[in-house]
Amino acid sequence: MDIDRVGKVLHDKSRPPQGALPCTLFTLRSIGGKSSLEWMQKTIKEDSSELLKHEIAYVMGQMQDAEAIEGLISILSDPKMEPIVRHEAAEALGALGEDPKIRKALESILNSKDLPIEVTETVSLALSPPPFPLDFSSNLESLLHNESEDIFIRYRAMFSLRNKGDTDSIQSLCRGLIHDKSSALFRHEVAYVLGQIQSFESKNITTITNSLLLIIAYNKGVLLLVWAFWIESGPSLVFIFQDQSFSPLPPPIPLPPYFTFSLH
């Protein structure tokens, strides 16, 4: 396959037809190698779409290729880059392992002045051990919702509730998504976890869907949370909706007139 031809589609600022960009990006990921990474890095540096750049950084981490390290460090270190993109670059670096170069870069970034809170929290988590789940006997909901608690502990509670996956756990996560005021990053990750659960029980799907739609409908200026739905949870929900184990589909909540929604 002609990598440059695929890369030019990704880099095309005139915006290819809907659906072409994700397909192009994941094609480059599947091809892999230095040339694919170069096209991704070029697009991140030159494109104006925060959403696209966020997704490219995510894919660069998924590739698990050491060739991506320098590019991701450059993205993370750029104070002109949008916080959501820098956040994703930090997550990607954390996913790439224990390379001393990565740790040195993360520690250096953490000492930077005027670092956005989303980036600070992500870098701190990337430097910490993996947030393994807590024992189910712990008061998970209390830990999750305690905004003064260390974010590392809250992440552990979040993953524990995900692993538990029952109706009470799902409702607790949804309450955290809707009511938390401490961190947009935290809500972003809760949306991701809700998408991972993939419960096929109708009442759970209704709870998750309504919570995500509420966030979008009544926080139309909070782009981070809109992305959290479309990018993290959206594909999983579409997958669930295509299942035939229940009928009819749970009805969506009423939305304000400025908001229209459809799943394709």
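Predicted, not measured: the structure shown is a model, and the values here were computed from it.

Cut-offs used in this document
- Residues numbered from 1 in each chain as written.
- Predicted model: local features only at pLDDT ≥ 70, side-chain atom pairs only at ≥ 80, totals over all residues.
- Heavy atoms only, no water.
- Core = buried A, V, L, I, M, F, W, Y, C linked by side-chain atoms within 4.5 Å.
- Buried < 20%, exposed > 50% of the residue type's maximum accessible area, 1.4 Å probe, protein only.
- Helix = DSSP H or I, 4+ residues; strand = E, 2+ residues; numbered from the N terminus.
- Contact = heavy atoms within 4.5 Å.
- Salt bridge = Lys/Arg side-chain N within 4 Å of Asp/Glu carboxyl O.
- Phe/Tyr/Trp six-rings, centres within 6.5 Å; stacked < 30°, edge-to-face > 60°.
- Arc of directions from axis to C-beta.
- pLDDT = per-residue confidence, 0-100.

Residues Met40, Met60, Leu72, Leu76 and Leu93 are the most contacted members of the largest nonpolar core, which totals 37 residues. The set of elements that each furnish at least two residues to this core consists of helix 1 (3-11), helix 2 (20-31), helix 3 (33-46), helix 4 (50-62), helix 5 (69-77), helix 6 (83-95), helix 7 (100-110) and helix 8 (117-127). Those residues in contact with Met40 that sit more than four places away from it in its chain are Leu10, Leu25, Leu28, Arg29, Ile56, Val59, Met60 and Met63. Of all hydrophobic cores here, the second largest spans 23 residues; its members include Ala157, Ala191, Ile197 and Ile208.

Quick look at the pattern of salt bridges now. Counted by the stated rule, this structure contains 7 salt bridges. Between Glu46 and Lys42 there is a salt bridge, and its shortest N-O distance comes to 3.3 Å. Here Glu46 pairs with Lys42, and both are found in helix 3, just 4 residues apart, close to one helical turn. Judged by its relative accessible area of 33%, Lys42 is partly exposed. Between Lys53 and Glu82 there is a salt bridge, and its shortest N-O distance comes to 3.0 Å. Separated by 29 residues along the polypeptide, Lys53 in helix 4 and Glu82 in the loop between helix 5 and helix 6 bring together distant segments of the chain. Here the residues in one salt-bridge network are Lys13, Lys42 and Glu46, joined through shared partners.

On to the packing of aromatic side chains. This structure, assessed with the given rule, holds 2 aromatic pairs. Taking the centre distance of 6.4 Å and the plane angle of 70 degrees together, the rings of Tyr155 and Phe159 count as edge-to-face. With a gap of 4 residues between them, Tyr155 and Phe159 both fall in helix 10 (residues 151-164), about one helical turn apart. Residues Tyr155 and Phe186 carry aromatic rings whose centres are separated by 6.3 Å and whose planes lie at 55 degrees to one another, so their mutual orientation is tilted. Here Tyr155 is found in helix 10, whereas its partner Phe186 is found in helix 12 (residues 184-197), with 31 residues between them in sequence. A single burial state applies to Tyr155 and to Phe186, both of which are buried.

With that out of the way, let us pick up unusual backbone geometry. Of all residues except glycine, most have a negative phi; of all peptide bonds, most are trans. We note that Gln64 has phi near 50 degrees; this positive angle belongs to a residue other than glycine. If you check the backbone angles, Asp114 has positive phi at about 55 degrees while not being a glycine. Its place among the elements puts Asp114 in the loop between helix 7 and helix 8.

A few words on the environment of Ile109. Relative to the elements of secondary structure, Ile109 occurs in helix 7. With a relative accessible area of 6%, Ile109 lands in the buried category. Measuring from C-alpha to C-alpha, the distance between Ile109 and Thr120 comes to 8.4 Å, with 11 residues separating the pair along the chain. In contact with Ile109, other than residues within four places in its own chain, are Leu76, Ser77, Leu115 and Val123.

Now for helix 7. The set of residues buried in helix 7 consists of Ile102, Ala105, Leu106 and Ile109. Buried residues of helix 7 fall within an arc of 100 degrees about the axis and therefore sit on the same side. What points out from helix 7, more than 90 degrees from its buried face, is the exposed set Pro100 and Lys104. Of the surrounding elements, those touching the buried residues of helix 7 are helix 5, helix 6 and helix 8.

In this section: the confidence of the model for the protein chain. Low pLDDT marks stretches whose predicted atomic positions should not be read closely. The predicted model of the protein chain has a mean per-residue pLDDT of 77, with 76% of residues at 70 or higher. When mean pLDDT is compared element by element in the protein chain, helix 5 scores highest at 96, while helix 14 (residues 223-241) scores lowest at 39. Across residues 220-264, where pLDDT falls below 50, the model places 79 contacts with residues more than four positions away in sequence or in other chains.

Let us look at the environment of Cys174. Turning to its location among the elements, Cys174 is positioned in helix 11 (residues 167-179). Cys174 sits 37 residues away from Ser211 along the chain, and the two C-alpha atoms are 6.0 Å apart. With residues up to four places along the chain from it excluded, the contact list for Cys174 reads Leu194, Thr207, Ile208 and Ser211.

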